[in-house]
Amino acid sequence: MFINLFNYCKIIFIGMLMGIANIIPGVSGGTIAVVTGVYDNLIESISQFLTASFKDKRKYSIFLLQIIFGAGISIILLSKLIDNAFKHYNYQILFFFIGLIIGSIPLLLKENKIILTISNYKKILSLLWFMIGLVIPMLLIFLPESNYDNNSMIYLSVSGFIAAAAMILPGLSGSLMFLILGTYKPIITAINDLNFILIFNVAIGGIFGLITLSRLINYCIKNFVQYSYCFIIGLMIGSCINIWPGIPQTNTLFLFVLLMISCLGIIVGMNLDRLK
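Residues numbered from 1 in each chain as written. Predicted model: local features only at pLDDT ≥ 70, side-chain atom pairs only at ≥ 80, totals over all residues. Heavy atoms only, no water.

1. Comments concerning the packing of aromatic side chains
And then number 1: Throughout the structure, instances matching the rule amount to 4 aromatic pairs.
And then number 2: Ring geometry for Trp129 against Phe231: centres 6.0 Å apart, planes inclined by 90°, an arrangement best described as edge-to-face. Of the two residues, Trp129 sits in helix α6 (residues 120-139) while Phe231 sits in helix α11 (residues 225-243), which places them 102 residues apart along the sequence.
And then number 3: Ring centres 6.2 Å apart and planes at 65° place the aromatic pair Tyr219 and Phe224 in the edge-to-face group.
And then number 4: Tyr219 sits in the partly exposed class, given a relative accessible area of 47%.
And then number 5: For Lys57, the ring lying beneath its charged end belongs to Phe49, and the centroid distance is 5.9 Å. (Phe/Tyr/Trp six-rings, centres within 6.5 Å; stacked < 30°, edge-to-face > 60°. Helix = DSSP H or I, 4+ residues; strand = E, 2+ residues; numbered from the N terminus. Buried < 20%, exposed > 50% of the residue type's maximum accessible area, 1.4 Å probe, protein only. Lys NZ or Arg CZ within 6 Å of the ring centre and 35° of its normal.)

2. Description of the packing of helix α3 (residues 39-48) against helix α10 (residues 196-223)
And then number 1: Contact pair α3 / α10: the axes reach a minimum separation of 8 Å and the direction vectors enclose 125°. As judged from the angle between their axes, α3 and α10 are oblique. α10 is crossed by α3, and the crossing has left-handed handedness. Taken together, the residues of α10 that come into contact with α3 (itself represented by Tyr39, Asp40, Ile43, Glu44, Ile46, Ser47 and Gln48) are Leu210, Ile211, Ser214, Arg215, Ile217, Asn218, Ile221 and Lys222.
And then number 2: Looking at side-chain class alone, the contact of α3 with α10 contains 7 nonpolar, 4 polar and 4 charged residues. (Axes fitted to C-alpha atoms, helices over the stretch in contact; angles between N-to-C directions. Parallel < 35°, antiparallel > 145°, perpendicular 65-115°, else oblique. Left-handed = near helix turned anticlockwise from the far one by under 90°. Contact = heavy atoms within 4.5 Å. Nonpolar A, V, L, I, M, F, W, Y, C, P; charged D, E, K, R; others polar.)

3. Examining α3
And then number 1: Across the 10 residues that make up α3, a large majority, 7, are buried.
And then number 2: Residues of α3 that are buried include every one of Tyr39, Leu42, Ile43, Glu44, Ser45, Ile46 and Ser47, and no others.

4. Let's talk about the layout of surface pockets
And then number 1: Approximately 1,300 Å³ is the volume attributed to the largest pocket.
And then number 2: If you go around the largest pocket, you meet 39 residues; those closest to its centre are Ile68, Ile75, Met167, Ala203 and Leu210.
And then number 3: Of all the secondary-structure elements, those providing two or more residues to the lining of the largest pocket are α1 (2-23), α2 (29-35), α3, α4 (54-88), α7 (153-167), α8 (174-181), α9 (184-192) and α10.
And then number 4: Here the residues of the lining of the largest pocket sort into 31 nonpolar, 8 polar and no charged. (1 Å grid on protein atoms, 1.4 Å probe; cavity = no way out; pocket = protein on both sides within 12 Å on 5 of 7 lines; lining within 4 Å. Points joined across faces, edges and corners; volume = space filled by probe spheres on them.)

5. So, the nonpolar core
And then number 1: Core analysis: the biggest nonpolar cluster contains 55 residues, and Tyr39, Phe97, Leu169 and Ile217 have the highest contact counts within it.
And then number 2: When residues of this core are assigned to their parent elements, the largest contribution, 8 residues, is made by α11.
And then number 3: For Tyr39, the residues in contact, after removing those within four places along its chain, are Gly30, Ala33, Val34, Ile168, Leu169, Pro170, Ile217, Ile221, Tyr229 and Ile232. (Core = buried A, V, L, I, M, F, W, Y, C linked by side-chain atoms within 4.5 Å.)

6. Considering α11
Counting along an α-helix, one turn takes 3.6 residues, and residues three or four places apart therefore face a common direction.
And then number 1: Counted at 1.5 Å a residue, the expected span for α11 with its 19 residues is 27 Å, and the 27 Å between its end C-alpha atoms agrees.
And then number 2: Counting buried residues in α11 gives 16 out of 19 residues, a clear majority hidden from the surface. (Expected span 1.5 Å × (residues − 1).)

Written out as structure tokens, the structure reads:
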């Protein structure tokens, strides 16, 4: 009983971390799912839910409800706090997340997601998929934020579809997609003001986006795990470049603090397997 309760609380906590990550532009909830070891289960649960047996539907429902509940707590209760913290502690938060991502990468190698003793042909293909994943988040840097000011329900649903599809790919940020599409501010305002009509429209688009892309990702993970995780690690490292805030022009003490925060992130990332 206590073990089940601990597991439920653990998944809810991971959902909260994913919710926090998705609030911060440039940080990916999908990355948090990978580094905490729930990514495969998350993709399988979303992609197979509609076609699964009743027994599997029950299992998937419990898992997804825990993730949604945790993420919902973070997004609804903490969005204003995190938004203000991000404005005042931008460097500290981003340096911690960069350390967290870097520290978690060895876990994927440890779990045999990527095998290094393979043929040269497979090594070349693995490197190619890694490079593709590395480049995609970096290209988003050059996309300008949209000034489109039409907050129609259809447009918000479409932006929810695009952002949710990006959200489940590690290294791609749903919040960043909202920024590019010009809907980040109205959505954050709607969450803070509890505007459920607007939130519902975004959520409908998001659900379709999750289902659509999760099926493709699940197929790739099941059939091409080596190449899929090379692509995912590329996305994760590329996201570090994407969210890199630069070196602040400040005193040496502050730079030392940022270095220590990054090291803390690396240590946390290297020990995230304890959540599994």
